[in-house]
Amino acid sequence: MTVTTPETVGATRGLPSLGPEGTRLLRLLDDTFEGWGLSAGARPMTMPPLLPAADLARLDYYDNFPHQAVLAAPLDLERRLTTPFDEARGQWPAASLEPAGLGLPSASCYAVYLDHQGRQVADDTLVTVCSWCFRKETHYEGMRRQLGFRMREVVALGTREHAEDHLAAFTARVESFAAAVGLTLRKEAACDPFFDKGGSKALLQRLTPVKHEFLYEDLAIASVNTHRNFFGDRCAITLGSGGPAFTSCVAFGLERWLSALTRRHGGWEAATRAVLDAAGPVT
């Protein structure tokens, strides 16, 4: 019998699977990170896996992340008869598809901002979600770099102080937890083009980075992100005192944590024990 591992199954396609040991550890990690959010007062929510492409375009997603964008399109039931599935390439020809009106987001938090659009929020709003996310990459590698993966986020909406305090508190939690599970992380400013490269906000981003990543070796496994009032403005999310809400988020790439932990500890059992010892009871 041939034994396969998550690092090899579907690796070249960016769609690896997880067996019982990996599934247990992924759930344990997600329960831990969600527990941090719940203990801070976050409301748990479940978001859809797809979002209207028009909404993502309104948030400049396709201008800032065109290299990552993945779209979904239904089959055209008539044209598929004349342009059938291409067996040689393993794909449906573009001529057999309807226009792509749905996008597969690359981060969980986009759905949170769209869910709150046109609403007034409390100054200290917190939301936590775990969603499937999708990123087109130049290559895929086991659990390190995937087409489809799970991301747990804890999102702050409210005042500037609330958004900043949220990142400071969770930065400390990430660093403390990483040390407890034996992962030596370094925090680096990321260069994601969150704002249009040619705009004034892009200059502000270069002066004051909006995203910092926590890297294990060369792999980013978590990040803290401030968006100032960008999403509050674009989604008309307002404060009781007036003006757009500020937002920030903390993100955990769950499969990337699996990769880092198994690389550090040598296997599922030792990695799981390290997390259990570090996490303690989840509240």
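Criteria and thresholds
- Residues numbered from 1 in each chain as written.
- Predicted model: local features only at pLDDT ≥ 70, side-chain atom pairs only at ≥ 80, totals over all residues.
- Heavy atoms only, no water.
- Helix = DSSP H or I, 4+ residues; strand = E, 2+ residues; numbered from the N terminus.
- Buried < 20%, exposed > 50% of the residue type's maximum accessible area, 1.4 Å probe, protein only.
- Pairing = 2+ DSSP bridges.
- Contact = heavy atoms within 4.5 Å.
- Axes fitted to C-alpha atoms, helices over the stretch in contact; angles between N-to-C directions.
- Expected span 1.5 Å × (residues − 1).
- Polar contact = N/O pair within 3.5 Å; in protein donor to acceptor, adjacent residues only side chain to side chain.
- Salt bridge = Lys/Arg side-chain N within 4 Å of Asp/Glu carboxyl O.
- Parallel < 35°, antiparallel > 145°, perpendicular 65-115°, else oblique.
- Left-handed = near helix turned anticlockwise from the far one by under 90°.
- Nonpolar A, V, L, I, M, F, W, Y, C, P; charged D, E, K, R; others polar.

Participant: I tried to follow the overall build of the protein on my own but got confused; where do I start?
Facilitator: When you go through the protein residue by residue, the secondary structure sums to 10 helices and 12 strands. Classification of the 283 residues of the protein by burial places 47% in the buried group.

Participant: How should the sheet that holds strand E6 (residues 124-134) be read in this particular structure?
Facilitator: Strand pairs in the sheet, formed through backbone hydrogen bonds, run parallel or antiparallel to each other. Read from one edge to the other, the open sheet built from seven strands follows the order E1-E6-E7-E12-E10-E9-E8, with strand pairing classed as mixed. A single partner strand is all that each edge strand has here, and the edge strands are strand E1 (43-44) and strand E8 (185-189). Against the sheet, helix H1 (residues 20-39) contacts E1, E6, strand E7 (148-158) and strand E12 (246-253), and its axis sits at roughly 5 degrees relative to E7. With respect to the sheet, helix H9 (residues 254-265) is in contact with E6, E7, strand E9 (211-216), strand E10 (219-228) and E12, its orientation differing from that of E10 by roughly 145 degrees.

Participant: Got a minute to help me understand the sheet that holds strand E3 (residues 70-72) in this structure?
Facilitator: Sheet architecture is open: three strands sit in the order E2-E4-E3, paired in antiparallel fashion. The open sheet terminates on both sides in strands that have one partner only, identified here as strand E2 (51-52) and E3. Bridge analysis of E2 against strand E4 (residues 102-104) gives two bridges, and the strand direction is antiparallel. Bridge pairing links Pro52 to Leu102 in E4.

Participant: When you look at helix H6 (residues 160-180) in this model, what are you seeing that I'm missing?
Facilitator: Residues spaced three or four apart along an α-helix face the same direction, because each turn holds 3.6 residues. Here H6 spans 31 Å end to end across 21 residues, near enough to the 30 Å set by a 1.5 Å rise per residue. Those residues of H6 lying buried are His162, Ala163, His166, Leu167, Phe170, Thr171, Val174, Phe177 and Ala178. Of the residues trailing H6, Gly182 is marked for its positive phi of about 85 degrees.

Participant: Mind showing me how you'd approach the pairing of E7 here?
Facilitator: Each regular strand carries side chains that alternate between the two faces of the sheet. Counted residue by residue, E7 has 10 buried out of 11 residues, so it is predominantly covered. Of the pairings in the sheet, the one linking E6 to E7 comprises 11 bridges and is antiparallel in character. Bridge pairing in E7 places Thr125 opposite Leu157. Pairing of E7 with E12, which is carried by eight bridges, proceeds in the antiparallel orientation. When the sheet's bridge partners are listed, Ala156 is paired in E12 with Ser248.

Participant: What is the right way to read the environment of Thr138 from this model?
Facilitator: For Thr138, the position within the fold is in the loop between E6 and E7. A residue is classified by how much of its surface remains accessible, and Thr138, at 81% relative accessible area, is exposed. Sequence separation of Thr138 and Gln68 is 70 residues, and the distance between their C-alpha atoms is 9.4 Å. Here His139 takes part through its side chain, which lies 3.3 Å from a polar atom of the side chain of Thr138.

Participant: Would you mind going over the pattern of salt bridges with me for this structure?
Facilitator: Oppositely charged side chains may form a pair once their charged atoms are brought near each other. In total, this model carries 14 salt bridges according to the counting rule given. For the salt bridge of Asp30 with Arg152, the shortest nitrogen-to-oxygen distance reads 2.6 Å. Remark: Arg152 occurs in strand E7 and Asp30 occurs in helix H1; sequence separation between them is 122 residues. Accessibility classification places Asp30 together with Arg152 in one group, the buried group.

Participant: Would you take a moment to explain the pairing of E12 for this structure?
Facilitator: With eight of eight residues buried, E12 is to be regarded as a mostly interior element. Note that E10 and E12 share six bridges and pair antiparallel. Note on E12: the bridge partner recorded for Ala222 is Phe252.

Participant: Would you mind showing me how to read the packing of H1 against helix H10 (residues 268-279) here?
Facilitator: A pair of packed helices is characterised by two quantities: the angle between their axes and the separation of those axes. H10 packs onto H1 with a crossing angle of 20 degrees between their chain directions and a minimal axis gap of 10 Å. One way to sum up the angle between H1 and H10 is to call them roughly parallel. The crossing of H1 and H10 is left-handed. Contact with H1, carried on its side by Glu21, Gly22, Arg24, Leu25, Leu28, Leu29 and Thr32, involves Trp268, Ala271, Thr272, Val275, Leu276 and Ala279 of H10 and no other residues of that element. Partitioning the contact of H1 with H10 into residue classes produces eight nonpolar, three polar and two charged.

As far as function goes, none of this settles anything; it's purely spatial.
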